[in-house]
Amino acid sequence: MEIYGMLGEKLGTIGKPEKKAEDGAAEARLPQWKKDLLQKPSISVRKGIAWGYTPPYEDTDTLVLTSPQSSFVDIRFPVKQQLSKPIASDPSFWAFAGTSHMTFAPFAGDTITMPYSAHCVWKHDIDSKGPGITDEGDLFLLPNGDCMEVGMMQNPQTGKVEMYKEYWTGPPTGVTPTIRTPCVVAKTQAPSDGQKAQDALRDESGVIVRVGNYCQGIMRQRTAEQGRPEGADAILVERWTRSLVETEQRSTAAGTSDGPSDAAGWVQDWRSNTPCDNGVFMPCMWTCDGNRQLGDEIVVKGVTWRVVELVTEEA
């Protein structure tokens, strides 16, 4: 169901997006491999990357969370981080957020699509590497259910644009159960004209996406300082993981019979670079509260965040 404000502005969607009868019929006719590629909410973990024709390797801990309306947060922490240096100084670190769009390309002059493949474009609204980065690739569904992405982008180790192959899978099931709901998306809201006049030097934007037991947030802080290069914004990131197993063990040890609360069991990744470790600066834990409703707002350090997408049950 789509929700609108008093002035007619669209606030978001709650529950399952409404579909027209013809849309539902067309979706029902899709082969299973297309449904697998289109499945959202989604939780994607990168297994490795190969440049050119070299063997694949993995030097990051990469997690991508994508909502049904294709909003995503992609955070790639370096596996070997130097604690004495800011995480953004590591060439392996990359964090960005935006929206994705997937298409299925037909054969030339035919209506039959190439099986088990699709093309995806990721629009970067926030990017730790700066603006203007083109991100798209061809996706190939592998027999084991994983996905291979092939494209061209800049190799952070060489600085040259090269062909790459990335291998994607789902999260490890031994750490936390793989569930894809609830899915909640919170985004910062543009200030009013009056606020812009009072604080013309500040421009902050952010996105938080929760999918099941995973939550990631990214926020750009821009200060219009004279002489500061474009794209030199500070990028703040947070990753949270909820372990239901650990939560249930704690409840059992405490002698409680009630199930774990929605706020329990969340642990922040130590590589997150926000000033505090309790989710106050970037309201990830507020977003993960089980009582969130579409349109809910919170103001944190003068920045307004709003829940713009909410799905409470799997399709």
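Residues numbered from 1 in each chain as written. Predicted model: local features only at pLDDT ≥ 70, side-chain atom pairs only at ≥ 80, totals over all residues. Heavy atoms only, no water.

What about the nonpolar core?
Thought 1: Within the largest apolar cluster, 23 residues are counted, with the highest numbers of intra-cluster contacts made by Leu65, Val73, Val207, Val209, Ile218 and Val237.
Thought 2: Counting contributing residues, this core receives three or more from each of domain 1 (30–104 + 114–169) and domain 2 (183–244 + 260–311).
Thought 3: Non-local contacts of Val73, meaning those with residues more than four positions away in its chain, are made with Leu63, Val64, Leu65, Phe96, Ala97, Val207, Val209, Gln216, Gly217 and Ile218. (Core = buried A, V, L, I, M, F, W, Y, C linked by side-chain atoms within 4.5 Å. Buried < 20%, exposed > 50% of the residue type's maximum accessible area, 1.4 Å probe, protein only. Domains from an automatic or database assignment. Contact = heavy atoms within 4.5 Å.)

Comments concerning the environment of Ser205
Thought 1: The topology assignment puts Ser205 in strand 12 (residues 202–211).
Thought 2: Expressed as a C-alpha distance, the spacing of Ser205 and Ile235, which sit 30 residues apart in the sequence, is 9.9 Å.
Thought 3: Apart from the residues within four sequence positions on either side, Ser205 is in contact with Ile126, Thr188, Ile218, Met219 and Arg220. (Helix = DSSP H or I, 4+ residues; strand = E, 2+ residues; numbered from the N terminus.)

Quick notes on unusual backbone geometry
For residues besides glycine, phi is generally negative; the peptide bonds are generally trans as well.
Thought 1: Pro41 follows Lys40 through a cis peptide bond whose omega is 5°.
Thought 2: With respect to the secondary-structure elements, Pro41 resides in the loop between helix 2 (32–38) and strand 3 (42–51).
Thought 3: Notably, Ser70 is not glycine yet its phi reads approximately 75°, a positive angle.
Thought 4: Position of Ser70 relative to the elements: it lies in the loop between strand 4 (60–66) and strand 5 (71–78).

Regarding the side chain of Arg76
Thought 1: Position of Arg76 relative to the elements: it lies in strand 5.
Thought 2: A polar contact is formed between the side chain of Arg76 and the side chain of Glu166, at a distance of 3.1 Å. (Polar contact = N/O pair within 3.5 Å; in protein donor to acceptor, adjacent residues only side chain to side chain.)

Details of the layout of surface pockets
Thought 1: Within this model, the largest pocket holds a volume of roughly 880 Å³.
Thought 2: Forming the boundary of the largest pocket are 39 residues, of which Leu37, Gln39, Ser42, Ser44 and Cys147 lie nearest the centre.
Thought 3: For the lining of the largest pocket, the element with the highest residue contribution is strand 6 (residues 94–103), accounting for five residues.
Thought 4: Tallied by class, residues from the lining of the largest pocket come to 18 nonpolar, 12 polar and nine charged. (1 Å grid on protein atoms, 1.4 Å probe; cavity = no way out; pocket = protein on both sides within 12 Å on 5 of 7 lines; lining within 4 Å. Points joined across faces, edges and corners; volume = space filled by probe spheres on them. Nonpolar A, V, L, I, M, F, W, Y, C, P; charged D, E, K, R; others polar.)

What about the pattern of salt bridges?
For side chains of opposite charge, pairing can occur when their charged atoms come near one another.
Thought 1: Per the stated rule, a full pass over the model turns up 12 salt bridges.
Thought 2: A salt bridge links Asp269 to Arg271; the nearest nitrogen and oxygen atoms lie 2.8 Å apart. When sorted by exposure, Asp269 lands in the same class as Arg271, which is buried.
Thought 3: Of the charged contacts in the structure, one is a salt bridge between Asp296 and Arg292, with a shortest N-O distance of 3.1 Å.
Thought 4: Here the salt bridges share partners, and the residues they tie into one network are Arg46, Glu58, Asp59, Asp74, Arg76 and Glu166. (Salt bridge = Lys/Arg side-chain N within 4 Å of Asp/Glu carboxyl O.)

What to know about the pairing of strand 14 (residues 234–242)
If a strand is regular, its side chains alternate between the two faces of the sheet.
Thought 1: Burial within strand 14 is extensive, with seven of its nine residues counted as buried.
Thought 2: Taken together, the three bridges between strand 14 and strand 15 (residues 266–268) define a ladder with antiparallel strand orientation. The residue bridging Trp240 from the neighbouring strand is Gln268, located in strand 15. (Pairing = 2+ DSSP bridges.)

Examining the packing of aromatic side chains
Thought 1: Applying the stated criterion across every chain, the model contains six aromatic pairs.
Thought 2: Between the aromatic rings of Trp33 and Tyr116, the centroid separation amounts to 5.5 Å while the plane-to-plane angle is 40°, which identifies the pairing as tilted. Note that Trp33 is positioned in helix 2 and Tyr116 in the loop between strand 6 and strand 7 (117–127), a separation of 83 residues in sequence.
Thought 3: Trp33 gets classed as buried once you look at its relative accessible area, which sits at 10%. (Phe/Tyr/Trp six-rings, centres within 6.5 Å; stacked < 30°, edge-to-face > 60°.)

Some remarks on the side chain of Thr60
Thought 1: Mapping Thr60 onto the fold places it in strand 4.
Thought 2: In this structure the side chain of Thr60 is engaged in a polar contact, spanning 2.6 Å, whose partner is the side chain of Thr62.

A look at empty space enclosed by the protein
Thought 1: Tallied over the entire structure, the rule returns two cavities of 30 Å³ or more.
Thought 2: In this model, the largest cavity occupies a volume close to 150 Å³.
Thought 3: Along the wall of the largest cavity there are 17 residues; nearest its centre are Arg46, Thr60, Arg76, Ser92 and Pro156.
Thought 4: Here the residues of the lining of the largest cavity are counted per class, giving eight nonpolar, four polar and five charged.
Thought 5: The space that makes up the second largest cavity amounts to roughly 30 Å³.
Thought 6: If you trace the second largest cavity, you find it lined by Trp94, Ile133, Thr134, Asp135, Glu136, Met152, Met153 and Tyr164.
Thought 7: Each residue belonging to the lining of the second largest cavity can be placed in one class, and the counts come to five nonpolar, one polar and two charged.

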